[in-house]
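Residue-level listing of the chains:
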Protein chains: 2
Amino acid sequence: MTMLTIEGVPLNEIAKKVGTPCYIYSRALIENNWKAFEKSHYKICYAVKANSNLGILNLFANKNAGFDIVSQGELERVLAAGGNPKNIVFSGVGKTKEEIKCALQVGIYSFNVESWPELERIQEIAQLMNKKAPVTLRVNPNIDAKTHPYIATGLHHNKFGIELKEITHLKSYSHIDLIGLGCHIGSQIMDLEPFGEAIDCLLNLAKKINSIKILNLGGGLGIQYKDEKPPSIKEYLSFIEQKLKDQPYEIILEPGRSLVGNAGILLTKVEYIKETPYKNFAILDAGMNDLIRPALYDAWHNIIPVTLHTDIKPKLYDLVGPVCETGDFFAHDRELAIKPDDLLAISTVGAYGASMSSNYNSRPSIAEVLVDKDEFYILRERESYQDLFAKEKLNGLYVNG
Amino acid sequence: MTMLTIEGVPLNEIAKKVGTPCYIYSRALIENNWKAFEKSHYKICYAVKANSNLGILNLFANKNAGFDIVSQGELERVLAAGGNPKNIVFSGVGKTKEEIKCALQVGIYSFNVESWPELERIQEIAQLMNKKAPVTLRVNPNIDAKTHPYIATGLHHNKFGIELKEITHLKSYSHIDLIGLGCHIGSQIMDLEPFGEAIDCLLNLAKKINSIKILNLGGGLGIQYKDEKPPSIKEYLSFIEQKLKDQPYEIILEPGRSLVGNAGILLTKVEYIKETPYKNFAILDAGMNDLIRPALYDAWHNIIPVTLHTDIKPKLYDLVGPVCETGDFFAHDRELAIKPDDLLAISTVGAYGASMSSNYNSRPSIAEVLVDKDEFYILRERESYQDLFAKEKLNGLYVNG
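### Focus: the overall build of chain A
Of regular secondary structure, chain A possesses 11 helices and 21 strands. At 23 Å, chain A has a C-alpha radius of gyration in line with the 21 Å of a compact globule built from 401 residues. Here the C-alpha coordinates of chain A stretch approximately 70 × 65 × 40 Å along the principal axes. A buried classification covers 66% of the 401 residues belonging to chain A. Across chain A, the fraction of contacts at a sequence separation of at least 24, relative to all contacts at a separation of at least 6, is 71%. As displayed, chain A offers around 14700 Å² of accessible surface, 50% of which is attributable to carbon and sulfur atoms. Averaged over its 44 positive side-chain charges, chain A has a centre that lies 3 Å from the centre of its 49 negative ones.

### Overview of the pattern of salt bridges
Residue and element names in this part refer to chain A. Within the structure shown, the criterion is met by 38 salt bridges over all chains. In this structure, the salt-bridge partner of Glu271 is Lys269, at a minimum N-O distance of 3.7 Å. Close ionic contact of Lys315 with Glu275 constitutes a salt bridge, the shortest N to O distance being 2.8 Å. One end of the pair, Lys315, is in strand E16 (residues 315–320); the other, Glu275, is in strand E13 (residues 264–275), with 40 residues separating them in the sequence. On the basis of relative accessible area, Glu275 is assigned to the partly exposed category, the value being 42%. Linked by salt bridges that have partners in common, Arg27, Glu31, Lys63 and Asp372 make up one network.

### Some details on the relation of the copies chain A and chain B
Of the two same-sequence chains, chain A is brought onto chain B (RMSD 0.0 Å, axial shift 0.0 Å) by a rotation of 180°. In the structure described here, the two chain copies are related by an operation that fits a two-fold rotation axis. Identified as the residue of chain A closest to the rotation axis by C-alpha distance is Ser358 of chain A, at 2.2 Å. Here 100% of the contact residues of chain A are again contact residues in chain B; the copies associate through an equivalent surface.

### Remarks on the environment of Ile167 of chain B
All names here are of chain B. As for its placement among the helices and strands, Ile167 is situated in the loop between strand E9 (162–163) and strand E10 (176–182). Taking the C-alpha atoms as reference, Ile167 lies 26 Å from Asn87; in sequence the two are 80 residues apart. Setting aside anything within four residues of it in sequence, one finds Ile167 in contact with Trp116, Leu137, Val139, Ile162, Leu205 and Ile209.

### Section: the interface of chain A and chain B
In this complex, chain A contributes 106 residues to the contact, which on the side of chain B involves 106 residues. The junction of chain A with chain B conceals about 9100 Å² of combined surface from both sides, 54% of it contributed by carbon and sulfur atoms. The largest per-residue losses of area from chain A upon contact with chain B belong to Lys159, Tyr272 and Lys391 of chain A, which jointly make up 9% of the total buried on that side. Summed over the shared surface of chain A and chain B, the number is 12 salt bridges. The shortest N-O distance in the salt bridge between Glu392 of chain B and Arg380 of chain A comes to 2.5 Å. At 7 residues, the largest contribution of residues to the side of chain A that touches chain B is made by strand E21 (residues 392–398) of chain A.

### So, the domain arrangement of chain A
It is common to give the size of an interface as the accessible area lost on bringing the parts into contact. All names here are of chain A. In terms of domains, chain A is made up of domain 1 (2–22 + 262–388) and domain 2 (92–253). The interface is formed by 8 residues belonging to domain 1 together with 7 residues belonging to domain 2. Both faces combined, the contact of domain 1 with domain 2 buries some 730 Å², and carbon together with sulfur accounts for 66% of it. Summed over the three residues of domain 1 that lose the most area to domain 2, namely Tyr297, Trp300 and Thr348, the buried surface amounts to 64% of that side. Run the count over domain 1 and domain 2 and you get 0 salt bridges. Here domain 1 and domain 2 share 0 residue pairs in polar contact (both at pLDDT 80 or more) between them. Of the residues in the side of domain 1 that touches domain 2, the class split is 3 nonpolar, 4 polar and 1 charged.

### Regarding helix H8 (residues 233–243) of chain A
Residue and element names in this part refer to chain A. Every buried residue belonging to H8 is among Ile233, Tyr236, Leu237, Phe239 and Ile240, and all of these are buried. Axial view of H8: buried residues confined to an arc of 160°, hence all on one face. Away from its buried face, by an angle of more than 90 degrees, H8 presents the exposed residues Lys234 and Gln242. The inward-facing, buried residues of H8 abut helix H2 (27–38), helix H7 (193–207), strand E12 (250–253) and helix H9 (257–260).

### A closer look at the packing of aromatic side chains
For the coordinates displayed, the defined rule picks out 16 aromatic pairs over all chains. With centroids separated by 6.2 Å and ring planes inclined at 70°, the aromatic side chains of Tyr150 of chain A and Phe329 of chain B adopt a geometry described as edge-to-face. Pair noted here: Tyr150 of chain A is in the loop between strand E8 (133–140) and strand E9 (162–163) and Phe329 of chain B is in strand E17 (residues 329–336), and the two residues belong to different chains. When its relative accessible area of 15% is taken as the criterion, Tyr150 of chain A is described as buried. Seen from their ring centres, Tyr360 of chain A and Tyr352 of chain B are 6.4 Å apart, and the 75° between their planes marks the pair as edge-to-face. Here Tyr352 of chain B lies in the loop between strand E18 (343–347) and strand E19 (367–372) and Tyr360 of chain A lies in the loop between strand E18 (343–347) and strand E19 (367–372), a pairing that spans two chains. A residue is classified by how much of its surface remains accessible, and Tyr360 of chain A, at 1% relative accessible area, is buried. Taken together through their ring pairs, the aromatic side chains of Trp34, Tyr46 and Phe60 of chain A make up a single cluster. The residue whose ring lies beneath Lys95 of chain A is Phe90 of chain A, and the NZ or CZ to ring-centre distance is 5.5 Å.

### Quick look at the packing of helix H2 (residues 27–38) of chain B against helix H8 (residues 233–243) of chain B
Residue and element names in this part refer to chain B. Close contact between H2 and H8 brings their axes to 9 Å; oriented N to C, the two are set at 15°. Of the possible angle classes, the one that applies to H2 and H8 is roughly parallel. Judged by the sense of rotation from one axis to the other, the crossing of H2 with H8 is right-handed. Mapping the contact onto sequence places Asn33, Ala36 and Phe37 in H2 and Ile233, Tyr236 and Leu237 in H8.

### Digging into the side chain of Arg257 of chain A
Within the secondary structure layout, Arg257 of chain A lies in helix H9. Buried and unpaired, Arg257 of chain A has Glu325 of chain B as its nearest opposite-charge partner, separated by 7.4 Å. A polar atom in the side chain of Arg257 of chain A sits 2.7 Å from the side chain of Ser187 of chain A. Residues contacting Arg257 of chain A, with those up to four places away along its chain left out, are Ala50, Ile151, Ser187, Gln188, Ile223, Tyr225, Asn262, Arg293, Ala351 and Tyr352 of chain A.

### Re the pairing of strand E14 (residues 280–284) of chain B
Residues and elements named next belong to chain B. Most of E14 sits inside the fold, with 5 of its 5 residues counted as buried. Of the two faces of E14, the one carrying Asn280, Ala282 and Leu284 and the one carrying Phe281 and Ile283 are both buried. The pairing of strand E13 (residues 264–275) with E14 spans 5 bridges and is classified as antiparallel. Each bridged residue has a counterpart across the sheet, and for Ile273 the counterpart in E14 is Ala282. Connecting the antiparallel pair E13 and E14 is a turn made up of 4 residues. Bridge analysis of E14 against strand E16 (residues 315–320) gives 3 bridges, and the strand direction is parallel. Bridge assignment links Ala282 to a residue of E16, and that residue is Leu319.

### A word on the confidence of the model for chain A
Confidence in the prediction for chain A averages 95 pLDDT; 98% of positions are at 70 or higher. Two numbers describe this predicted complex: its pTM, 0.96, and its ipTM, 0.96.

### Section: the side chain of His309 of chain A
Within the element layout of this structure, His309 of chain A appears in the loop between strand E15 (303–305) and E16. Looking at His309 of chain A, its side chain comes within polar contact range of the side chain of Asp342 of chain A, at 2.7 Å.

### Points about helix H5 (residues 97–106) of chain A
Residues Glu99, Ile100, Cys102, Ala103 and Leu104 of chain A constitute the buried set of H5 of chain A. Buried-residue contacts for H5 of chain A involve helix H4 (72–80), strand E6 (88–90), strand E7 (110–113), helix H6 (116–129) and E8 of chain A together with E13 of chain B. Trailing H5 of chain A by a residue or two, Gly107 of chain A shows a phi angle of about 80°, which is positive.

### Here we look at a negative patch on the surface
A cluster of acidic residues, Asp144, Asp191, Glu193 and Glu197 of chain A, forms a negative patch at the surface. Its location among the elements puts Asp144 of chain A in the loop between E8 and E9.

### Re the nonpolar core
The biggest cluster of nonpolar side chains holds 246 residues, and the ones touching the most others in it are Phe111 and Leu215 of chain A together with Phe111 and Leu215 of chain B. Not counting residues up to four positions away in its chain, the partners in contact with Leu215 of chain B are Leu181, Leu202, Leu203, Ala206, Leu244, Tyr249, Glu250, Ile251 and Ile252 of chain B.

Reading the values: the criteria
Residues numbered from 1 in each chain as written. Chains lettered and ligands numbered in written order. Predicted model: local features only at pLDDT ≥ 70, side-chain atom pairs only at ≥ 80, totals over all residues. Heavy atoms only, no water. Helix = DSSP H or I, 4+ residues; strand = E, 2+ residues; numbered from the N terminus. Rg over C-alpha atoms; globule rule 2.2 N^0.38 Å. Buried < 20%, exposed > 50% of the residue type's maximum accessible area, 1.4 Å probe, protein only. Contact = heavy atoms within 4.5 Å. Areas by Shrake-Rupley, 256 points an atom, 1.4 Å probe, with all protein chains shown as cover. Lys, Arg positive; Asp, Glu negative; His and termini not counted. Charge placed at Lys NZ, Arg CZ, Asp CG, Glu CD. Salt bridge = Lys/Arg side-chain N within 4 Å of Asp/Glu carboxyl O. Least-squares fit on C-alpha atoms with pLDDT ≥ 70 in both. Buried area = accessible area lost by both parts, 1.4 Å probe. Domains from an automatic or database assignment. Polar contact = N/O pair within 3.5 Å; in protein donor to acceptor, adjacent residues only side chain to side chain. Nonpolar A, V, L, I, M, F, W, Y, C, P; charged D, E, K, R; others polar. Arc of directions from axis to C-beta. Phe/Tyr/Trp six-rings, centres within 6.5 Å; stacked < 30°, edge-to-face > 60°. Lys NZ or Arg CZ within 6 Å of the ring centre and 35° of its normal. Axes fitted to C-alpha atoms, helices over the stretch in contact; angles between N-to-C directions. Parallel < 35°, antiparallel > 145°, perpendicular 65-115°, else oblique. Left-handed = near helix turned anticlockwise from the far one by under 90°. Pairing = 2+ DSSP bridges. pLDDT = per-residue confidence, 0-100. Patch = residues over 30% accessible without salt bridge, like charges linked within 9 Å, V, L, I, M, F, W, Y side chains within 5 Å. Core = buried A, V, L, I, M, F, W, Y, C linked by side-chain atoms within 4.5 Å.

Take a look at the structure:
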């Protein structure tokens, strides 16, 4: 009987102490990914939305990492985790006035500006605050990143970025410091070519604008979930270096998935084995509310039994959760030798796992655990049932009249 | 200038006092739906997962409603909202030992049992607790409800229910009281015919089992989002009464969407109008994390401006949120006369709106409000940024060693 471990810790030991389901991250894997990116001389801003747990952010803060945020909630998280505001870039198409004000107040590195109305708004607020806002214009380069339509972001009909053609006639703003150009063409990208096109596009444009000192190439490097063959971090960086040889610009990268995606698993228990004449189901204690990627993106995740049985015949199973809809599945038709109470590791869920989780079906948020060599920490406590409705009221406060 | 109201309350007044985005429910609409169901002599068990806010549950509890729950979290909610445990039916394919124990302890009306292994587990636990567990077997009738595949639940390849053929040879259990048969073929169903097939199937089977006193027909009645023509609650009930004429069984229904779906809106503000040569975007302050139905089910929701402008030319807009992915949309190509700071009501989101929401992009959960004639209550307070990471730790507690 062999037992699956993360670093030096057997997964069944974590299950015993923390319960299931839970997310488990490997510190070593995250740090390895970080080291690979750090070899470049670029400014690496971790895309917080991939996994925004304070403990994960703290790992990066301790490396003096930059952070790519998309909301005030993420800003507050980075600050609470000890991140340096001067290393923050702020992306997102819908920045509110309060968010802009707060970002100017703490002094972030740069706003990634997604539209002219946003630029006008930043100018107004900066003027009121008597500050100069550092701005990188996000260009929409109309490049097909060949990824899932929900995470392709660099096409004309996407909501992101500013039309290339519109950027040549730049108005000047008294309280805007236009320091950079950027783009982000999507997520989980498998080819280097679209990145190359994006770089060419930014370089052409940057030449025409004197003040540009920074090129922000965004994130988007894909990782392996199944049998994809993404470029390694090293190959990706070499490719960029090649394209940018002898260019005078400071380069920013915004990796998220490629820093944490392969460093996390979702540990879950088989509640029931349900065999029918048509299909066999393994009903797990994790649900679509804990990990929505299969339902939302039709994502494929490898599912690994923690205990290998030699005395059980493998069968084909649909791996499903307890949530009351058919969309609640993790995988179809996987051959596994399993029985009730077995632990399974749903792999490669360090990114867009916990950060997209919900309380659907009134299921408390699950624990998150960090493994560090042969020890493990709880980074986020499991919610209680009472936590679910702590903000709710039977007889609500009258707020009018 | 006309202003949109809910019952007697103008929506802009709620926005001023509560902020946006927020969910707003109409007490009168919920109670109207309840009254329509109540006219039947059936046991109506509200499907809590549709909208599990304590204040909404309390409305139903005050009507002495039954509740259809799918988790211990929902059980705790019903109890906290003053619901009677004796009116609770417990559905779901993945009931844990703890959940079964807790349900037996409080004395629920019936377990909707989804598999033989679940029945065995209930028998074991009931025996240990020296209790008799009331059980309704959920049948998988292999009926096509003709709805979105994620919410079709009555087909052979779905994880729900027990194969019809397997039910004829019933083992007897010392601590199980087999009182009923049930089925639930899906959600948002537009035709009465599949319900008729399900009833026929249950009746045929019930005749063969002496102990059956209850038929649970589940929920699933559709509502109008766009131009669908669902049967009214009255037509649905008449159809069922017709089918069940002179039958001796107690009937349970589990409506969710049809009780609360049309009673809720999502009130949101236009942050930016972004016009491009290819598309116009209205960027709202609500995001896919607040309402995931468009991204997850490709759902259509009517979007109604709170203020009607006569001086603005209508244009086609994509209505999108601030979340950093292309999946973050509410609607495509809607003709609207709008400008920044306008309020919009995303309609028919009383069901599967707030209950499926998440904190993705570190966005705090939004407020929920109940309108009652010309007054309004806060049913759920908006989360703070600090709430987002209240359960997280920088330097997690060591739990081993």
